Amino acid sequence: MNRQSILLDTLDKRVPALRTAQAEASKPVRGWLRAVRTACGLSQAWLAKKLKMSQQAVTAFETAEERGTITLKSLERAAEALDCELVYFVVPRGKVAATYRELARLHDPKFKLLRASEHSMALENQAVGDLGKPRSS
């Protein structure tokens, strides 16, 4: 078993938990930082003091998160100040691939050639049919 196969097996074992987390943990409309801060009854001034920055900088963090432009480092720093932990992951788009192994296969240049050959053979009613149907995107 090669390194890539071991890594794909390890990642694929996590897919069910990641899919559950993905469904349950969608980002609040105005972002996690503002939601947690507000839910805990904390002011921007309090968070600014804890982060040793201005209140305007905290506003900028919250706005950047809402817009999707905050850096991971800034998000992690603010989360730590709120006594929280930043957790993130990357999961295959369900419409594209169900697993990381399937995603890797789809991105493999050799597989793309096989799929093109399978399509050509299908047009001539000679397809083998063992590649599976591509997911719609």
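Bear in mind the structure is a predicted one, so any value in this text is a computation, not a measurement.

Peer 1: Before we go on, may I ask you to explain the overall build of the chain in this structure?
Peer 2: Check the secondary structure of the chain and you find seven helices and zero strands. N-terminal to C-terminal, the α/β element order of the chain is α-α-α-α-α-α-α. Considering the chain as a whole, with its 137 residues, one finds that 23% of them fall into the buried category.

Peer 1: Just checking my understanding: could you explain the nonpolar core for this structure?
Peer 2: One recurring pattern in soluble globular proteins is that nonpolar side chains are buried together. With twelve residues, the main nonpolar core is built from Leu33, Leu47, Ala48, Leu51, Val58, Phe61, Ala64, Ile70, Leu75, Ala78, Ala81 and Leu82. Breaking this core down by element, the ones donating at least two residues are α3 (44–51), α4 (55–67) and α5 (72–81). Residue contacts for Ala64: discarding those within four places in its chain leaves Thr69 and Ile70. Val15, Leu18, Val91 and Tyr100 belong to the second largest nonpolar core, which has five residues in total.

Peer 1: When you look at α3 in this model, what are you seeing that I'm missing?
Peer 2: The α-helix advances 3.6 residues per turn, and as a result positions three or four apart in sequence lie on the same side. Those residues of α3 not exposed but buried are Gln44, Leu47, Ala48 and Leu51. Mapping the buried residues of α3 onto a view down its axis gives an arc of 105 degrees, with all of them on the same face. Its buried side turned inward, α3 meets α2 (32–39), α4 and α5. Lys52 occupies a position one or two residues after α3 and carries a positive phi of about 55 degrees.

Peer 1: Quick question: what am I supposed to make of the environment of Arg34 here?
Peer 2: The residue Arg34 is located in helix α2 in this model. For Arg34, a relative accessible area of 15% translates into the label buried. A sequence separation of 25 residues divides Arg34 from Thr59, and the C-alpha atoms of the two residues are 9.1 Å apart. Among residues more than four places away in sequence, those in contact with Arg34 are Glu62, Thr63, Glu65 and Glu66.

Peer 1: I keep staring at the pattern of salt bridges and nothing clicks. Help me out?
Peer 2: Oppositely charged side chains are able to pair whenever their charged atoms sit close together. Within this structure, the stated rule accounts for six salt bridges. Among the ionic pairs, Glu62 bridges to Arg34, the shortest N-O distance being 3.8 Å. With Glu62 in helix α4 and Arg34 in helix α2, the pair connects residues that are 28 residues apart, well separated along the chain. The salt bridge partner of Asp83 is Lys50, with a shortest N-O separation of 3.6 Å. Separated by 33 residues along the polypeptide, Asp83 in the loop between α5 and α6 (100–107) and Lys50 in helix α3 bring together distant segments of the chain. Residue class for Lys50 comes out partly exposed when judged on its relative accessible area of 37%. Here the salt bridges share partners, and the residues they tie into one network are Arg30, Arg34, Arg37, Glu62 and Glu66.

Peer 1: Looking at this structure, I do not really get the state of the cysteines. What am I missing?
Peer 2: Think of a disulfide as a covalent bridge from one cysteine sulfur atom to another cysteine sulfur atom. With the rule as written, the count across this model stands at zero disulfides. For the unlinked cysteine Cys40, the closest cysteine sulfur is that of Cys84, found at 6.5 Å.

What counts and how
- Residues numbered from 1 in each chain as written.
- Predicted model: local features only at pLDDT ≥ 70, side-chain atom pairs only at ≥ 80, totals over all residues.
- Heavy atoms only, no water.
- Helix = DSSP H or I, 4+ residues; strand = E, 2+ residues; numbered from the N terminus.
- Buried < 20%, exposed > 50% of the residue type's maximum accessible area, 1.4 Å probe, protein only.
- Core = buried A, V, L, I, M, F, W, Y, C linked by side-chain atoms within 4.5 Å.
- Contact = heavy atoms within 4.5 Å.
- Arc of directions from axis to C-beta.
- Salt bridge = Lys/Arg side-chain N within 4 Å of Asp/Glu carboxyl O.
- Disulfide = S-S within 2.5 Å.

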